[in-house]
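What the coordinates show
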Number of protein chains: 4
Amino acid sequence: MKIPCAVVGASGYTGAELCRLLLGHPTFELVSVFAKTSAGQSLAKVFPQFAGRADMTLMPFDVAAAGHARLVFSALPHGESAAVCAALVERGVFCVDLSADFRLRDGAEHARWYGEDHAPALRARAVYGLPERHRAQLRSARLIANPGCYPTATILATAPLLDARLISPEGLVVDAKSGVSGAGRAATTAVHFSEAGEGIRPYKIAGAHRHTPEIEQELTAAAGQEVRLTFTPHLTPMSRGILACVYATPTDATRPAHAYHDALAAAYGKEPFVTVLPPGQLPDTAFVRGSNQAHVAVAWDERARRVIAMAAIDNLVKGAAGQAVQCANLALGLPETAGLEGVAFFP
Amino acid sequence: MKIPCAVVGASGYTGAELCRLLLGHPTFELVSVFAKTSAGQSLAKVFPQFAGRADMTLMPFDVAAAGHARLVFSALPHGESAAVCAALVERGVFCVDLSADFRLRDGAEHARWYGEDHAPALRARAVYGLPERHRAQLRSARLIANPGCYPTATILATAPLLDARLISPEGLVVDAKSGVSGAGRAATTAVHFSEAGEGIRPYKIAGAHRHTPEIEQELTAAAGQEVRLTFTPHLTPMSRGILACVYATPTDATRPAHAYHDALAAAYGKEPFVTVLPPGQLPDTAFVRGSNQAHVAVAWDERARRVIAMAAIDNLVKGAAGQAVQCANLALGLPETAGLEGVAFFP
Amino acid sequence: MKIPCAVVGASGYTGAELCRLLLGHPTFELVSVFAKTSAGQSLAKVFPQFAGRADMTLMPFDVAAAGHARLVFSALPHGESAAVCAALVERGVFCVDLSADFRLRDGAEHARWYGEDHAPALRARAVYGLPERHRAQLRSARLIANPGCYPTATILATAPLLDARLISPEGLVVDAKSGVSGAGRAATTAVHFSEAGEGIRPYKIAGAHRHTPEIEQELTAAAGQEVRLTFTPHLTPMSRGILACVYATPTDATRPAHAYHDALAAAYGKEPFVTVLPPGQLPDTAFVRGSNQAHVAVAWDERARRVIAMAAIDNLVKGAAGQAVQCANLALGLPETAGLEGVAFFP
Amino acid sequence: MKIPCAVVGASGYTGAELCRLLLGHPTFELVSVFAKTSAGQSLAKVFPQFAGRADMTLMPFDVAAAGHARLVFSALPHGESAAVCAALVERGVFCVDLSADFRLRDGAEHARWYGEDHAPALRARAVYGLPERHRAQLRSARLIANPGCYPTATILATAPLLDARLISPEGLVVDAKSGVSGAGRAATTAVHFSEAGEGIRPYKIAGAHRHTPEIEQELTAAAGQEVRLTFTPHLTPMSRGILACVYATPTDATRPAHAYHDALAAAYGKEPFVTVLPPGQLPDTAFVRGSNQAHVAVAWDERARRVIAMAAIDNLVKGAAGQAVQCANLALGLPETAGLEGVAFFP
């Protein structure tokens, strides 16, 4: 039996990716799509890739209409999403929020980064939607806070090394590279083809990027002590992809090189969506494009006594829509991989 | 019940795309993959996108081993593919040849363009694998000559207008643009990122490209008289995609503009993989990337009295692997869309 | 002695390219830059490539201030540029207008394409700034109508063949491909990296693009009879470059193939900025990027009896700012190549 | 009076960039170009951007022929270049070696990274060609070891902070991103447009990249104590550019944020080719493309107590050919900026 679901905020890239994945899902059935400025237009007009594949019209959001679905994915901007999710959860709808509104467990910390606590009442009920870290809670979740793209890549690369106390929680440096779609569909000079193509640049560095506290929250949990890290995002001339390189100090510099790889292999051996690359092979975002796979690897720099953990994901799939579906599968008791088996699209 | 199938020539882009599609197919089961220089390596080593998704080793081609499959896709180079297909067809295996070896019905014409007639005995039994033109024969085909990427786009845009006698078969001009993956995975200076990126260039123009006779063969059949056309391919700085623009003289310059669109709409109204875009919307390869869809459109240039027919496809899907699966679905009595429902990857 | 010059509309791509070229010019000295929304900001803020190279502030346009220059380049939008140029010409300033306001000699035709005749009084005094066609008049010009990028490429490829009556003026088809910078710096979804990258698309086809009449005006002059042509522009995933492919019917299909190349070679043998490629070599926009060179070639399609003329230019240089400087050199009695000797940037 | 100069190894990207710069140089006159496999072909055949701009034929290297020049740039591969330079220096020719053969002052260290000491006799006479660090010695140099692209960017961003003892020489992490042209013109699958486009990947990490000792040599000199650092290069989907991000521990975490910027500003205030961006602005390789400029910046991450120094250069200009010309200008007593005034080519 099909489970009716809806996408709110369907006119952005994450919304479109949700629609793509849901149209190919064996159990979820996309029954309605909502958008603000594009309301009234057909999905195929806004995103011609759906021409001939989905005959739907974007509607202005209406809680009653959306409430007919059993499962709603909200790809609204932060600050707007919380209220929509609250209204739906109250009606008994399963909600996956892809905004940042519920990601931080500490409302004061959320307020510090986002101006105010957008969801004081519901914050405690939300489960952080990284199945590789919170699978058990996700199985009984009604409200899921889907992680950011940078946090997903960074946490997947780093957390098992902290869990196993192989690296120090102090002095972590995260140098991450994102495809341009991560900036959203809104037209700005920064994402103009002639400005973002043929050039790479850091932005919102030195603690200015809002994904910082989210990464720290999860790594703090892994480390068992507070993590404060340096996070440098980059706009990279590719449409999709996140590559995170994490630089860490080993807790024991005499440990054999394979210990780091072994820890990742042990952590992810049974994970359907995390592949630990064989030693010597390094992640490349090109090989996860369009799929829900994360490729992770770790290297030991003997000369400089540094651990380098790396992860590559597709920012719109494992970094957003794919992970949302993965979480929803868990919450609704379906096989975790349902609708997510697609191999990455290369070249 | 699953139908075992194999891919020969799996280490190229078309081979990889066949593997991607077959791994997601509900009935076909990829049981073996063959390659020449990469034989002995794992598929995931040669194409890391399969890491964690397909645990297979590339084998050197062996007709007995391949013959265990009920269906074989050959992505070998032309000249090499004919013999492999012949051996397999003789054993009762269904064969889809993605090379040019069986595409031209006239052996002498094949020899003119490819040096010799590589398949004199079997040529007559091969069916040209463009379902929108040869669906009936494909249902009983054992050997399918999968069309080239340029011909697929060009024929889909043009044939219905010739069928309906709306355009003259004389003086057709085809200006087509291909993504770089169309040149194959072999490393050459021409496909170096620094040479093929940030520049567009025509190549093999003025009747030099081997897709010319294939296009002419099919359009001649549509027109009921010999077609000789100008074909200009371009290497375009994108990985995937074919855009074909066809310039034609109308048979009646007083006809209303909508007649051309109507003809395409009538021809493709029930086609699962051809979308006639609404008037005013033009094809963009970005919106068919990774899917088996063709987006077609036609415009009437009132000022210059010219018909402009256009089609966009993904060269590796509708232009190669996807079309091969579509044809195989027909030949083996499956729903034509099986395994091909995926929406295009955008952005 | 230096000649003081100014750029009006310096905050767009063409304006920036003018500044780049003028800063490297031996005789012209860039003394002031004007812009509208960016007025008050430093040039280096708006375009960081000028940091450390030009310490100038963008000023709101003022005719008195601009009038201190002996030469002004206007890169304002059409409709706005005419009045600015009129005011400056009246003060005795040499003006190169890079908008469309003075390009069409027929005011009624201008009004048909641009809504009204923006420059009735001055239209007759403007010289169309294509030195390869109008060098003599440019030497005494005070007001220069700098050609569009598509017209420059198209006319250079085609006019000598019409001059020599080698091709028919009837039935010309122009299929042209432009880099994304041709759309300007304004942020729109169409030029978003994630939309314009990895895809090619036609736009404003079938007589809708405003460069059509400009091309026709010049080719009509060459042919000695009215030319009506089909013009199809494409947005191509590269930042710079125009490639024009022109399809023509020969006036004599029995003529030897080399006749077409010979005509181009004769026309351009002494031209400093037009290179006729040797037979067999085809234009590639990558090889003219950043330079004022046009690469042209022509082929004879014996099978289909069609002439294919091609040209590649950099849309911002020979297609805009470089050509403007070339024209200004002529008008002010300098060597035509002054400041334009730079070799293309490749790769 | 012109100074005759030659380029050896002119068929690669660095060689072509040298030719481009030398053709625009006011005093150096390019008189001969040498290459191995392309010998006998015209420069314009191998690199069509020179068509119409330089009528030269690539010759097989011959010390007598090259010796007619007063200045030779060698862009040969390491291991091959040393002997060529030795022969030329012996004849009294000024030599700029763009290979790695003379970069490391310690022959044993060179042998450790490159297999053997390729230049034991001449090593001591070579001057490391980074004018911002070794200007005085370069003024009297006869043999110049032109730095690698990654070292140039990394050293420019970091050395002044070490000079001023603002950061600790221990625990430095360099995360650097290179355009694909850095891999050279040789055709490999790794640089195929369809593999290198739309993806970013680290390579030769954890002390495997040969630019590591070169960076360490110069930073050790700045720090006054041995530097061992972590260096992670990435292949980035752009043709040109190096962005280096250097993560460092401050020597005093209570220092005000502006101290780091002030140190860079003091170091580079009079440098013609290093621009310290104003606080808040970050380097982007797009804005130095085609120019000899380096854009540097530094930020203080208060939260994580980390200094982040950044530099962007064009790998083929300030990272290779431009820097070579800058050094040659110094060695031959010309103005340092001669022939290098070109503004970056954007967009």
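The paragraphs below set out a description of the structure included in this document. Note that the structure is a prediction, hence the values are computed from the model and not measured.

With an RMSD of 0.0 Å, the operation that places chain C on chain A is a rotation of 180° combined with a shift of 0.0 Å along the axis. Both chain copies can therefore be described as sitting about a two-fold axis. Relative to the rotation axis, the C-alpha of C:Phe193 is the closest in chain C, positioned 2.0 Å from it. Take the interface residues of chain C: 100% of them recur as interface residues in chain A, which is what a same-surface contact looks like.

Right, let's get into the packing of helix 6 (residues 131-139) of chain A against helix 11 (residues 317-331) of chain A. Residues and elements named next belong to chain A. It is the contact of helix 6 with helix 11, at a shortest axis distance of 9 Å, that shows an interaxial angle of 35°. Here the hand of the crossing between helix 6 and helix 11 comes out right-handed. Contact residues: Pro131, Glu132, Arg135, Leu138 and Arg139 in helix 6; Lys318, Gln323, Gln326, Cys327, Leu330 and Ala331 in helix 11.

Contacts between the two partners involve 19 residues from chain C, matched on the other side by 19 residues from chain A. Between chain C and chain A the total buried area reaches about 1500 Å² when both faces are included, carbon and sulfur atoms providing 58% of it. At the boundary of chain C and chain A, one finds two salt bridges. Here C:Arg185 and A:Glu195 are joined by a salt bridge, their closest N and O atoms 2.6 Å apart. The interface formed by chain C and chain A includes 12 residue pairs in polar contact (both at pLDDT 80 or more). Tallying contributions element by element places helix 8 (residues 193-196) of chain C first for the side of chain C that touches chain A, with four residues. Residue classes in the side of chain C that touches chain A are distributed as nine nonpolar, eight polar and two charged.

Working note: α-helix, 3.6 residues per turn, so residues spaced by three or four point in the same direction. With 12 residues, helix 9 (residues 212-223) of chain D extends 16 Å from end C-alpha to end C-alpha; this agrees with the ideal 16 Å at 1.5 Å per step. If you check which residues of helix 9 of chain D are buried, you get D:Thr212, D:Pro213, D:Glu214, D:Ile215, D:Glu216, D:Gln217, D:Glu218, D:Leu219, D:Ala222 and D:Ala223.

This paragraph deals with helix 4 (residues 81-90) of chain A. All names here are of chain A. What helix 4 keeps buried is the set Ser81, Ala82, Val84, Cys85, Leu88 and Val89. Summarising the axial view, the buried residues of helix 4 lie within an arc of 165°, below the 170-degree limit, and thus occupy one face. In helix 4, those exposed residues whose orientation departs by more than 90 degrees from the buried face are Ala83 and Glu90. Taken together, the buried residues of helix 4 touch helix 3 (63-67), strand 4 (71-74), strand 5 (94-97) and strand 7 (143-145). Positive backbone phi, at 90°, marks Gly92, one or two positions downstream of helix 4.

About the cut-offs
Residues numbered from 1 in each chain as written. Chains lettered and ligands numbered in written order. Predicted model: local features only at pLDDT ≥ 70, side-chain atom pairs only at ≥ 80, totals over all residues. Heavy atoms only, no water. Least-squares fit on C-alpha atoms with pLDDT ≥ 70 in both. Contact = heavy atoms within 4.5 Å. Axes fitted to C-alpha atoms, helices over the stretch in contact; angles between N-to-C directions. Helix = DSSP H or I, 4+ residues; strand = E, 2+ residues; numbered from the N terminus. Left-handed = near helix turned anticlockwise from the far one by under 90°. Buried area = accessible area lost by both parts, 1.4 Å probe. Salt bridge = Lys/Arg side-chain N within 4 Å of Asp/Glu carboxyl O. Polar contact = N/O pair within 3.5 Å; in protein donor to acceptor, adjacent residues only side chain to side chain. Nonpolar A, V, L, I, M, F, W, Y, C, P; charged D, E, K, R; others polar. Expected span 1.5 Å × (residues − 1). Buried < 20%, exposed > 50% of the residue type's maximum accessible area, 1.4 Å probe, protein only. Arc of directions from axis to C-beta.

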